Amino acid sequence: MVTCILYELLNLIIFRWCHPQMISQPLIASSYKIKKVCFVLIVIFTSGLLYYFFRHRWYCEPGAFTMFSACEYGIAIVNIAFHFTAVKEFGHLSWSFGLKPNSLPHSTTNNHHKNK
C-alpha cells in the first residue's frame, strides 16, 4: 500500500521532469492530468481503507469491513486506470518482439544430408 503510493508519487515527479514542455504535447499533458487525479484518488481510498480497517478491528462496527473492501476495490480500479495511461503515451507506437527471419545465423554445413 505504501509502496504503491510512493511509486505513483515518484512516477509523477519523474514524468514531469521528463516532459517539461507538456503544454505543446496535449496527449502527454492529458496523461499527466489523469495520473495526478488517480494519485489523489489512491491517497483518498487508502485513507478510507485504513480508517475502516481500524474501525472494524477495534470496534467491530457493522459495515466497517464492507467499506474497507469497497476502498480496496477502489484502489485496484484506480491503479488500473493509472497504468492505463500508458495507452495515451505509447498508443501511437507499434511494438514487436523476436528476431527477424534474416537475422538468424545461417549454417554453412548441413548435417542432415551428408554426401558419401
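See the structure shown above.
Residues numbered from 1 in each chain as written. Predicted model: local features only at pLDDT ≥ 70, side-chain atom pairs only at ≥ 80, totals over all residues. Heavy atoms only, no water.

Caption draft 1: Main features of the packing of helix α2 (residues 26-59) against helix α3 (residues 64-84). Running from N to C, α2 and α3 point in directions that differ by 160 degrees, and their axes come no closer than 8 Å. For the element pair α2 / α3, the angle class is roughly antiparallel. Considering the relative orientation of α2 and α3, their crossing is left-handed. Contact residues: K35, C38, L41, I42, F45, T46, G48, L49, Y52, F53, R55 and H56 in α2; A64, F65, M67, F68, C71, E72, G74, I75, V78, N79, A81 and F82 in α3. For the contact of α2 with α3, the per-class residue count stands at 16 nonpolar, five polar and three charged. (Axes fitted to C-alpha atoms, helices over the stretch in contact; angles between N-to-C directions. Helix = DSSP H or I, 4+ residues; strand = E, 2+ residues; numbered from the N terminus. Parallel < 35°, antiparallel > 145°, perpendicular 65-115°, else oblique. Left-handed = near helix turned anticlockwise from the far one by under 90°. Contact = heavy atoms within 4.5 Å. Nonpolar A, V, L, I, M, F, W, Y, C, P; charged D, E, K, R; others polar.)

Caption draft 2: The packing of aromatic side chains, seen in detail. Considering all chains together, one arrives at seven aromatic pairs under this definition. Residues F53 and F54 carry aromatic rings whose centres are separated by 5.3 Å and whose planes lie at 75 degrees to one another, so their mutual orientation is edge-to-face. An aromatic cluster of at least three residues, connected via ring pairs, comprises F53, F54, W58, F65 and F68. Its end group placed over the ring of F82, K35 keeps NZ or CZ at 4.8 Å from the ring centre. (Phe/Tyr/Trp six-rings, centres within 6.5 Å; stacked < 30°, edge-to-face > 60°. Lys NZ or Arg CZ within 6 Å of the ring centre and 35° of its normal.)

Caption draft 3: Seen up close, the pattern of salt bridges. In total, this model carries two salt bridges according to the counting rule given. Between K35 and E89 there is a salt bridge; the shortest N-O distance is 3.4 Å. Highlighted residues: K35 in helix α2 and E89 in helix α4 (residues 86-90), separated in sequence by 54 residues. Classification of K35 by relative accessible area gives buried; the value is 5%. The shortest N-O distance in the salt bridge between E61 and R55 comes to 2.4 Å. (Salt bridge = Lys/Arg side-chain N within 4 Å of Asp/Glu carboxyl O. Buried < 20%, exposed > 50% of the residue type's maximum accessible area, 1.4 Å probe, protein only.)

Note that every value here comes from positions in space, so none of it alone points to a role or purpose.
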